[in-house]
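Listed here are the chains, written in short residue letters.
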Protein chains: 2
Amino acid sequence: TEIRTAVAHMFEQGPLAGVRAVVTAGPTREPIDPVRVITNRSSGKQGYAVAQALSALGASVTLVSGPTALATPPGVQRVDIETAQDMLQASLTAAAQSDIFVGTAAVADYRPAQAEMQKIKKKDAEMSLPLERTTDVLKAVREKYPVLFMVGFAAETEKLAEHAQGKLQNKKLDLIAANLVGNGRAFDREDNALHLFWPGGDQELAPASKTALARELAQVIASRYRSKVGI
Amino acid sequence: TEIRTAVAHMFEQGPLAGVRAVVTAGPTREPIDPVRVITNRSSGKQGYAVAQALSALGASVTLVSGPTALATPPGVQRVDIETAQDMLQASLTAAAQSDIFVGTAAVADYRPAQAEMQKIKKKDAEMSLPLERTTDVLKAVREKYPVLFMVGFAAETEKLAEHAQGKLQNKKLDLIAANLVGNGRAFDREDNALHLFWPGGDQELAPASKTALARELAQVIASRYRSKVGI
């Protein structure tokens, strides 16, 4: 009876009760000057939905978010950032207190090598903007926290499985959720489709709303996390 | 009595009754590849407020809008665009049917010389992004419509009066509304301050909400438009 009560209690609280998760979401903005930025089409919707779904499974969730027009899901703690460098710092800080890290953010790979202090005035018909690589957030988090359960996202315009499996291995992730983007797919839309890959397996989640997909993904995360840590 | 009735009737309808206005608003987005874009911090709030204020004065308003998170003001007709080139086409089309043109949009001055068809994969630590000038929307509209009443905006990080008066002359505008941006001013905020310049005069509008400023600006536009066309 005691065991039955304990199990019932656990399921009341959800399979991720007592588990701390970080979700990164949205785009980053890399300043060219005080007015202009390089950014991307990420709306943050998928990441916010994942944060909400993990919270619904009982996890204590911190959402590290780039600029979006979205409301913070109830019960989720939100940290706002702007640049890839901000995202790196906030992610490393939040990961220190966490069991699960889900990187859905579309972090800039390149930023202007120098952000101008004043608005650049128009001059030449052509110019060239020098860019430099940003630090890879997932790689940096993995290096610092080797046993953290890490989930990545791969937004690709082609060769989905190949790029996703490359990222999974290269960044030593526990799970990666891949989706096709561009040409009206995924970005700024309510629906999406995900192909999940983990070391030794994969699963396709059929096209559905980002909210429904987030619930399915959260279930897979919970199940693979619990099997990894042996609970 | 007839005159008194006509005047009363005019003021019931508003000083811009029967007048057609175009307002451009928001940022543009210039694709680097299907995912990445160059854009700017314009929220579109000031432009949407101007569209609403002109409509409240009786004008029939078309709002040509870049990507924003804002709702269309009631009674205003909205045309959505994405790039500077889209903005140019939509502005020229809308201006053909108009008496007043108010350019509040933060149109990109430069776009990537070539938008890649597939997502650019990370490679080198540094790279250079070739940019080319976009067509100046206000200049193009002025060239095609020499007698249109044209209002520009100047968002500057320094030398406000100098840059604004330069634009007023250079683009042959009837009025320009200048504001300081950057370092937490104007962009993504609800309040703003505007300094208006026209050939031979200027007027400062004290810091206020963007809505309140838009109402004041609309009154100045109405008064200067009516004086120009002699009604």
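To keep things clear, this report deals only with the structure shown in the data block. The structure displayed is predicted, hence computed values, not measured ones.

Rules used throughout
- Residues numbered from 1 in each chain as written.
- Chains lettered and ligands numbered in written order.
- Predicted model: local features only at pLDDT ≥ 70, side-chain atom pairs only at ≥ 80, totals over all residues.
- Heavy atoms only, no water.
- Helix = DSSP H or I, 4+ residues; strand = E, 2+ residues; numbered from the N terminus.
- Buried < 20%, exposed > 50% of the residue type's maximum accessible area, 1.4 Å probe, protein only.
- Contact = heavy atoms within 4.5 Å.
- Areas by Shrake-Rupley, 256 points an atom, 1.4 Å probe, with all protein chains shown as cover.
- Lys, Arg positive; Asp, Glu negative; His and termini not counted.
- Charge placed at Lys NZ, Arg CZ, Asp CG, Glu CD.
- Arc of directions from axis to C-beta.
- Buried area = accessible area lost by both parts, 1.4 Å probe.
- Salt bridge = Lys/Arg side-chain N within 4 Å of Asp/Glu carboxyl O.
- Polar contact = N/O pair within 3.5 Å; in protein donor to acceptor, adjacent residues only side chain to side chain.
- Pairing = 2+ DSSP bridges.
- Phe/Tyr/Trp six-rings, centres within 6.5 Å; stacked < 30°, edge-to-face > 60°.
- Lys NZ or Arg CZ within 6 Å of the ring centre and 35° of its normal.
- Least-squares fit on C-alpha atoms with pLDDT ≥ 70 in both.

Let's shift gears to the overall build of chain A. Within chain A one finds six helices and twelve strands. For chain A, the proportion of its 231 residues judged to be buried stands at 54%. Considering only contacts in chain A between residues 6 or more positions apart, those separated by 24 or more positions represent 61%. Here chain A displays about 10700 Å² of accessible surface, and carbon together with sulfur accounts for 50% of that area. Within chain A, the 25 negative side-chain charges are centred at a point lying 1 Å from the centre of the 27 positive side-chain charges.

This next bit is on helix 5 (residues 160–170) of chain B. Residue and element names in this part refer to chain B. When we look at burial in helix 5, the residues that qualify are Leu160, His163, Ala164 and Leu168. Buried residues of helix 5 fall within an arc of 135° about the axis and therefore sit on the same side. Seen from the open side of helix 5, the exposed residues pointing more than 90 degrees away from its buried face are Glu162 and Gln169. If you follow the buried residues of helix 5, they end up packed against strand 9 (149–156), strand 10 (175–180) and strand 11 (191–198). Lys172, located one to two residues past helix 5, shows a positive phi value of around 50°.

Before going further, it helps to spend a moment on the interface of chain B and chain A. Taken residue by residue, the interface counts 41 residues in chain B and 41 residues in chain A. Here chain B meets chain A over a buried area of about 3800 Å², counting both sides, of which 46% is carbon and sulfur. Across the chain B-chain A interface, the total number found is four salt bridges. Two residues, B:Arg41 and A:Glu82, come together in a salt bridge whose shortest N-O distance is 2.7 Å. Applying the counting criterion to the chain B and chain A interface returns 18 residue pairs in polar contact (both at pLDDT 80 or more). Relative to strand 8 (residues 126–133) of chain B, strand 8 (residues 126–133) of chain A runs antiparallel, the two sharing seven bridges.

This part takes up the packing of aromatic side chains. Per the stated rule, a full pass over the model turns up two aromatic pairs over all chains. Summarising the aromatic geometry, the rings of A:Phe149 and A:Tyr225 are spaced 5.8 Å apart at their centres and angled 85° between planes, so their arrangement reads as edge-to-face. Here A:Tyr225 lies in helix 6 (residues 210–229) and A:Phe149 lies in strand 9 (residues 149–156), a separation of 76 residues in the sequence. Note on accessibility: A:Phe149 and A:Tyr225 belong to one class, buried. If you follow B:Arg133 out to its NZ or CZ, it ends over the ring of B:Tyr110, 5.9 Å from the centre.

Between chain B and chain A, the superposition needs a rotation of 180° and an axial shift of 0.0 Å, giving an RMSD of 0.0 Å. The superposition of one copy onto the other is thereby described by a two-fold rotation axis.

This part takes up the side chain of A:Asp33. Residue and element names in this part refer to chain A. Tracing the sequence through the fold places Asp33 in the loop between strand 2 (30–31) and strand 3 (36–40). Polar side-chain contacts of Asp33 include one of 2.8 Å to the backbone nitrogen of Val35. Only 2.5 Å separates the side chain of Asp33 from the side chain of Arg36, close enough to count as a polar contact. Leave out the neighbours within four places in its chain, and Asp33 touches Glu116, Gln118, Lys119 and Ile120.

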